[in-house]
Amino acid sequence: MFTVYVACHDELRTELTVAVKNIPGVILNGSSADLRESLEECAAEAPGVFLVDDTLLAQNVGLFEKLAAVPYPVVVLAPSADAAAARRALAIRAKDFISLDSWAEDLGPILSRVAVPIQGETRQDGRVLVVFSSKGGVGKTTLSVNLAIALAKTSRQPVVIMDLDIQFGDVAPMVGDAPLVTLFDLVKGTAAVDSDMLKRAVKRVANNVYILAAPDNPEEADDVHADQVVQILHLLRETYAYVIVDTAPGYTDINVAAFDFADTILTVCTPDVVTLRTIGQALQVFYDGFHYPKDKVRIVLNRSGSKTGVETTDIAQVLQTPIAFQLPSDGAFPVRAANEGHPLLLQFPDSSLSRTIQSMANDLVRETEGRIRKNPAKRTLLARLTGRKPKEVQ
Ligand SMILES: Nc1ncnc2c1ncn2[C@@H]1O[C@H](COP(=O)(O)OP(=O)(O)OP(=O)(O)O)[C@@H](O)[C@H]1O
Ligand SMILES: [Mg+2]
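Residues numbered from 1 in each chain as written. Chains lettered and ligands numbered in written order. Predicted model: local features only at pLDDT ≥ 70, side-chain atom pairs only at ≥ 80, totals over all residues. Heavy atoms only, no water.

K.L.:
Quick rundown of the site of ligand 1? Include the residues and the values.
P.N.:
Taken together, 17 residues lie near ligand 1, and Lys140, Thr141, Thr142, Asn302 and Asp330 sit nearest. Here an oxygen atom of ligand 1 and a side-chain polar atom of Lys140 are 2.8 Å apart. Relative to its unbound accessible area of 630 Å², ligand 1 is 81% covered by the protein chains. Its atoms largely coinciding with the cavity grid, ligand 1 occupies the second largest pocket. Put simply, the parts of the chain that give the shell around ligand 1 at least two residues each are helix 7 (140-155), strand 12 (297-304) and helix 15 (333-340). Class assignment of the residues belonging to the shell around ligand 1 gives a composition of five nonpolar, eight polar and four charged. (Near = heavy atom within 4 Å. Polar contact = N/O pair within 3.5 Å; in protein donor to acceptor, adjacent residues only side chain to side chain. Areas by Shrake-Rupley, 256 points an atom, 1.4 Å probe, with all protein chains shown as cover. 1 Å grid on protein atoms, 1.4 Å probe; cavity = no way out; pocket = protein on both sides within 12 Å on 5 of 7 lines; lining within 4 Å. Sits in = over half its atoms within 2 Å of the grid points. Helix = DSSP H or I, 4+ residues; strand = E, 2+ residues; numbered from the N terminus. Nonpolar A, V, L, I, M, F, W, Y, C, P; charged D, E, K, R; others polar.)

K.L.:
Describe the nonpolar core, with residues and values.
P.N.:
The biggest cluster of nonpolar side chains holds 46 residues, and the ones touching the most others in it are Met162, Leu164, Leu183, Leu212, Ile232, Leu233 and Leu236. Among the elements that take part in this core, helix 13 (residues 273-289) stands out by supplying six residues, more than any other. Once residues lying within four places of it in the same chain are set aside, the contact partners of Ile232 are Met162, Leu183, Leu186, Val187, Val193, Leu198 and Leu212. Membership of the second largest hydrophobic core comes to 39 residues, among which are Val145, Ala148, Val159 and Leu364. (Core = buried A, V, L, I, M, F, W, Y, C linked by side-chain atoms within 4.5 Å. Buried < 20%, exposed > 50% of the residue type's maximum accessible area, 1.4 Å probe, protein only. Contact = heavy atoms within 4.5 Å.)

K.L.:
Explain the pattern of salt bridges to me, and be specific about the residues and the numbers.
P.N.:
Applying the stated criterion across every chain, the model contains 10 salt bridges. The salt bridge partner of Asp10 is Arg13, with a shortest N-O separation of 3.0 Å. Of this pair, Asp10 and Arg13 both sit in helix 1 (residues 10-21), three residues apart, roughly one helical turn. The salt bridge involving Asp185 is made with Lys188; its shortest N-O contact spans 3.5 Å. What emerges from the salt-bridge pattern is a single network uniting Glu105, Asp106 and Arg204. (Salt bridge = Lys/Arg side-chain N within 4 Å of Asp/Glu carboxyl O.)

K.L.:
An account of empty space enclosed by the protein is needed here, citing residue identities and associated values.
P.N.:
Under the definition given, this model contains one cavity of 30 Å³ or more. Lining the largest cavity are Gly139, Thr142, Leu143, Asn302, Leu327, Leu353 and Ile357. For the lining of the largest cavity, the secondary structure elements donating two or more residues are helix 7 and helix 17 (352-373). The residue makeup of the lining of the largest cavity, split by class, is four nonpolar, three polar and no charged. (Points joined across faces, edges and corners; volume = space filled by probe spheres on them.)

K.L.:
With reference to specific residues and values, describe the state of the cysteines.
P.N.:
A full pass over the atoms with the stated rule returns zero disulfides. Of the cysteine sulfurs around Cys8, a residue in no disulfide, the closest is that of Cys42, at 14 Å. On the accessibility criterion, Cys8 (0% relative accessible area) is buried. (Disulfide = S-S within 2.5 Å.)

K.L.:
Can you explain the pairing of strand 7 (residues 159-164)? Please cite residues and give values.
P.N.:
Taken across its six residues, strand 7 has six buried, putting it largely inside the fold. Burial along strand 7 is two-sided: Val159, Ile161 and Asp163 and Val160, Met162 and Leu164, pointing in opposite directions, are all buried. Two elements, strand 7 and strand 9 (residues 209-212), share four bridges in a ladder whose sense is parallel. Considered in strand 9, the bridge of Val159 is made with Val209. (Pairing = 2+ DSSP bridges.)

Take a look at the structure:
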């Protein structure tokens, strides 16, 4: 939870303050169209982030020195590709820049990323969901990409997909992206992952959905190590409400690091005997080898209902584990969406697979929010002063 102060010209101020108030976990500390007055109010009570519109900056060059020295992060709202505005943002040492062309979409994610949480409260760590299978081609990436979009839609919070299929990752092409910076650039030649570099490597691909792409070619995969993966996961879950990790089959060091770190492992299987045999072996490793609690691993049956001769009830019995989610076969829609680099859930939102993944996301969000509510937090000073109900943390 964090506070925001908005300094903005009057035409946009109402719309902007309403949008700020609608960001989950945000309190609007105040707003003004007068920059000097804004700074005085924030000197009395520092906000978690100060959002200032560039037209006020252009009119108040004399306040730049004061702005550059404020103890809270400043974010500038300005037209993109405006060199003078960019110079002003640099001069006041702004932490980030929101483009006027896409401010409504970018506001929540950017403010959440830079804001200082309310004192006494720590930011709620995001939920890490690893999408795994002991078999290739069962629908892991299709699920990862579309589940991320569905989770962002339901939770209205930022979601990131980390592509940990380090040799042949294909999250980026599936969302129509060709990233300039990948996981390889982030880890090469360094033991400690740099959080600023991570911010640059993570790319927005849809509303509230971000990706960290896999290396461009298989040789680069050798440079990715398990301890770096853990560092990245720590950083990602501080910023994103959900971290989806797409994987390649196998118990590699990297996968095991992600499994250990995960809150939930979504294990994808299909209704065929060969896949089920390997899924059975994988579950044995999770439960008997790694001693994970039963509810950490969830079975997702993809292409459920396909006429393969293997019934859903038999699958649960063979695996001795209930099937948590069933996803239907969706004909050519998923392949068409992947070919066009436009995720299924955005391109064919009414297809049967899209609707089922959306309902799966709704269940996961409900479950996540339920877990948070079970552990009430202490009342903060601000909550006591304002009489607000306390935020509850895990
Ligand atoms: N429910 C479904 N209905 C129809 N097609 C599907 C379904 N799920 C996945 N597919 C298709 O199956 C193929 C494999 O899916 P995907 O790439 O997601 O699998 P994967 O497990 O990530 O594979 P890999 O192990 O190679 O990374 C893709 O062409 C995808 O469009
Ligand atoms: Mg894949």
